[in-house]
Amino acid sequence: MSNVLEYSLSKALYHKEKIELLKKGQMIIPTEIQIDPEAFCNDNCSFCSYRKEDGYNNEMTELIQAKPGSTENRAIGIPSIQSRIDNDILLSIPQQMVDAGIPAIEITGGGEPTLHPKFTEFYRECGKYGLDIGLVTNGSRLNDEIIGMVKKYGLWIRLSMDASNQDTHKKIHRTPNEDFEKRLNNLKKILDGKRKELIVGISFIITPENIDDIENAARLFASLKVNHIRFSWMYDRQGTAGLTKEQIEHIGDLIPRLQKELDTEDFKVFNEKNRIQTYTQKNDFNTCHFQRFVVAIGADGGLYPCCIMKYNKKFEYANLKNSTLNEIVTSMNVDAFMKNLNPVNCRPCWLSPRNASIDGAIKDPNYKPIPKPNHANFI
């Protein structure tokens, strides 16, 4: 594995040509798109910002004909042509990316991306076009065909597990199916004989329901020989992830201890310790550089400055129903939108450290690019 970590906050600084263009106030071609093929999900996770009653992105529930706030142990809403990117548009995206010069794609949600009826064909097309592919999934629908494609074409995959056992998993994911072991077995199939270049990670969103499972999860997934586990805080308006001050302080001590004990050349425990502090802070910067590197595309086909502002129609600056990616990323109107975007009007930005690193490089007359990090195009 590279000495520069996958979750580095400064990977944009590797892209010297783009930083130099930004210094001159010119447009750049993004390095990555993050796309939600599908808004519907077969889980109803307690932490989901797209489904919580006070979730920052819960406008998305309109696409699945539902209302936010359900606490039932079942999926909410219904899948339909309204809940997903049009089949033909989705399958055209790999070619559109090549035409536009965008090298990397993170397939994510929103909803569960593997539920899109054309997901398998879409992933295969991304591979055939030689794109850098990352996939975020709950792991429930990873059949042998998808697993085979991930092992052949994927650069990385991250499974949202959030637990080390069935009981905790069901409390978090609120699924009617007790299929934690099935998802775990799918993970094992991915790990079995995988290419060294394929990085397999685990996502663990910290909530009141799984705080006591952090250590068990770290040890379980380390023993399975995944490449890393990433602990993140539930994104909420209170800025506490539903936890007490004492619990947050306990986690602040626990994770460094686990890192010291479990980290090896081949396994890492990741955590952005200070991210939770950004959840309620007002944005104190005036220019968003991050949107220049990463295109966030919703299941509605809309393009947004980032995943934080996704599905807020006031921040949609283009739509794949009306324009191609190449037309969008070279549009003077889009450039004007980005220049006029004032982050003070955005939701609290947990991406602000990444933005600050780019801003620092742009303003530094002695800027020099960093060594190539792992997954350099995934900013």
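These numbers were taken from a predicted model, which means no experiment stands behind them.

Some thoughts on the overall build of the protein
Counting secondary structure elements, the protein contains 12 helices and 10 strands. Here the C-alpha radius of gyration of the protein, 20 Å, is about what a compact globule of 379 residues would show, namely 21 Å. The principal-axis extents of the C-alpha atoms in the protein amount to approximately 55 × 45 × 40 Å. Of all 379 residues assigned to the protein, the portion counted as buried reaches 59%. The long-range share in the protein, meaning contacts at least 24 apart out of those at least 6 apart in sequence, stands at 74%. Here the protein displays about 16,100 Å² of accessible surface, and carbon together with sulfur accounts for 48% of that area. Considering the protein, the positive charge centre built from 49 side chains and the negative charge centre built from 49 side chains are found 2 Å apart.

Comments concerning the packing of helix H2 (residues 87–100) against helix H3 (residues 119–128)
Two numbers describe how H2 lies on H3: the axes approach to 9 Å, and their chain directions differ by 10°. Classed by the angle they form, the pair H2 and H3 counts as roughly parallel. Contacts between H2 and H3 involve Leu90, Leu91, Ile93 and Pro94 on the former and, on the latter, Glu121, Phe122, Glu125 and Cys126. For the contact of H2 with H3, the residue count by class is six nonpolar, no polar and two charged.

A word on the pattern of salt bridges
Evaluation of the coordinates by the stated rule reveals 23 salt bridges. Among the salt bridges present, the one from glutamate 20 reaches lysine 16, with a minimum N-O distance of 3.9 Å. Highlighted residues: glutamate 20 and lysine 16, both in helix H1 (residues 16–23), separated by four residues, approximately one helical turn. A residue is classified by how much of its surface remains accessible, and lysine 16, at 37% relative accessible area, is partly exposed. One salt bridge connects arginine 219 with glutamate 261, and the closest N-O pair in it is separated by 2.8 Å. You can see arginine 219 sitting in helix H7 (residues 214–223) and its partner glutamate 261 sitting in helix H8 (residues 245–262), a full 42 residues away along the chain. Looking at glutamate 261, the relative accessible area reads 45%, which means it is partly exposed.

A short note on the environment of glutamine 238
On the secondary structure map, glutamine 238 appears in the loop between strand S6 (228–233) and H8. For glutamine 238, a relative accessible area of 49% puts it in the partly exposed group. It is 9.7 Å that separates the C-alpha atoms of glutamine 238 and isoleucine 276, two residues lying 38 residues apart in sequence. With sequence-adjacent residues up to four places away left out, glutamine 238 is seen in contact with Asp54 and Thr280.

Structural notes on the sheet that holds strand S5 (residues 199–206)
On the basis of which strands lie adjacent, the open sheet formed by 10 strands has the order S7-S6-S5-S4-S3-S2-S1-S8-S9-S10 and mixed pairing. The two strands at the open ends of the sheet, each matched to only one other strand, are strand S7 (268–271) and strand S10 (318–319). Sheet analysis places strand S1 (residues 32–35) next to strand S2 (residues 104–107), joined by four bridges and oriented parallel. In the strand pairing of S2, isoleucine 33 is matched with isoleucine 105.

Observations concerning the packing of aromatic side chains
Throughout the structure, instances matching the rule amount to eight aromatic pairs. Taken together, a centroid distance of 6.0 Å and an interplanar angle of 85° make the contact between tyrosine 50 and tyrosine 311 edge-to-face. Here tyrosine 50, found in the loop between S1 and H2, pairs with tyrosine 311, found in the loop between strand S9 (302–304) and S10; they are 261 residues apart in sequence, far enough to count as distant. The exposure classification of tyrosine 50 matches that of tyrosine 311, with both residues buried. Look at tyrosine 317 and phenylalanine 337: their rings are 5.3 Å apart centre to centre, the planes differ by 40°, and that puts the pair in the tilted class. Of this pair, tyrosine 317 sits in the loop between S9 and S10 while phenylalanine 337 is found in helix H11 (residues 332–340), placing the two residues 20 residues apart along the sequence. Classification of tyrosine 317 by relative accessible area gives buried; the value is 14%. An aromatic cluster of three or more residues is present, and its members are Tyr50, Tyr304 and Tyr311. Note that arginine 275 overlies the ring of tryptophan 350, its terminal NZ or CZ placed 3.8 Å from the centroid.

Let's talk about the pairing of S6
Extensive coverage of S6 is indicated by the burial of six of its six residues. Of the two faces of S6, the one lined by His228, Arg230 and Ser232 and the one lined by Ile229, Phe231 and Trp233 are each fully buried. Relative to S6, S5 runs parallel, the two being bridged by six bridges. Paired with isoleucine 202 across the two strands is isoleucine 229, which belongs to S6.

Describing the packing of helix H5 (residues 166–173) against helix H6 (residues 180–191)
Packing of H5 against H6 brings their axes to within 9 Å, and their N-to-C directions diverge by 100°. Our classification of the angle between H5 and H6 gives roughly perpendicular. Side by side, H5 and H6 meet where Gln166, His169 and His173 of the first sit next to Phe180, Glu181 and Arg183 of the second. For the contact of H5 with H6, the residue count by class is one nonpolar, three polar and two charged.

Description of the side chain of lysine 11
By the secondary structure assignment, lysine 11 is in the segment before H1. Among buried charged residues, lysine 11 stands out as having no salt bridge; its nearest opposite-charge side chain is glutamate 32, 7.1 Å away. A distance of 3.1 Å separates a polar atom in the side chain of lysine 11 from the backbone oxygen of histidine 375.

The rules behind these values
- Residues numbered from 1 in each chain as written.
- Predicted model: local features only at pLDDT ≥ 70, side-chain atom pairs only at ≥ 80, totals over all residues.
- Heavy atoms only, no water.
- Helix = DSSP H or I, 4+ residues; strand = E, 2+ residues; numbered from the N terminus.
- Rg over C-alpha atoms; globule rule 2.2 N^0.38 Å.
- Buried < 20%, exposed > 50% of the residue type's maximum accessible area, 1.4 Å probe, protein only.
- Contact = heavy atoms within 4.5 Å.
- Areas by Shrake-Rupley, 256 points an atom, 1.4 Å probe, with all protein chains shown as cover.
- Lys, Arg positive; Asp, Glu negative; His and termini not counted.
- Charge placed at Lys NZ, Arg CZ, Asp CG, Glu CD.
- Axes fitted to C-alpha atoms, helices over the stretch in contact; angles between N-to-C directions.
- Parallel < 35°, antiparallel > 145°, perpendicular 65-115°, else oblique.
- Nonpolar A, V, L, I, M, F, W, Y, C, P; charged D, E, K, R; others polar.
- Salt bridge = Lys/Arg side-chain N within 4 Å of Asp/Glu carboxyl O.
- Pairing = 2+ DSSP bridges.
- Phe/Tyr/Trp six-rings, centres within 6.5 Å; stacked < 30°, edge-to-face > 60°.
- Lys NZ or Arg CZ within 6 Å of the ring centre and 35° of its normal.
- Polar contact = N/O pair within 3.5 Å; in protein donor to acceptor, adjacent residues only side chain to side chain.

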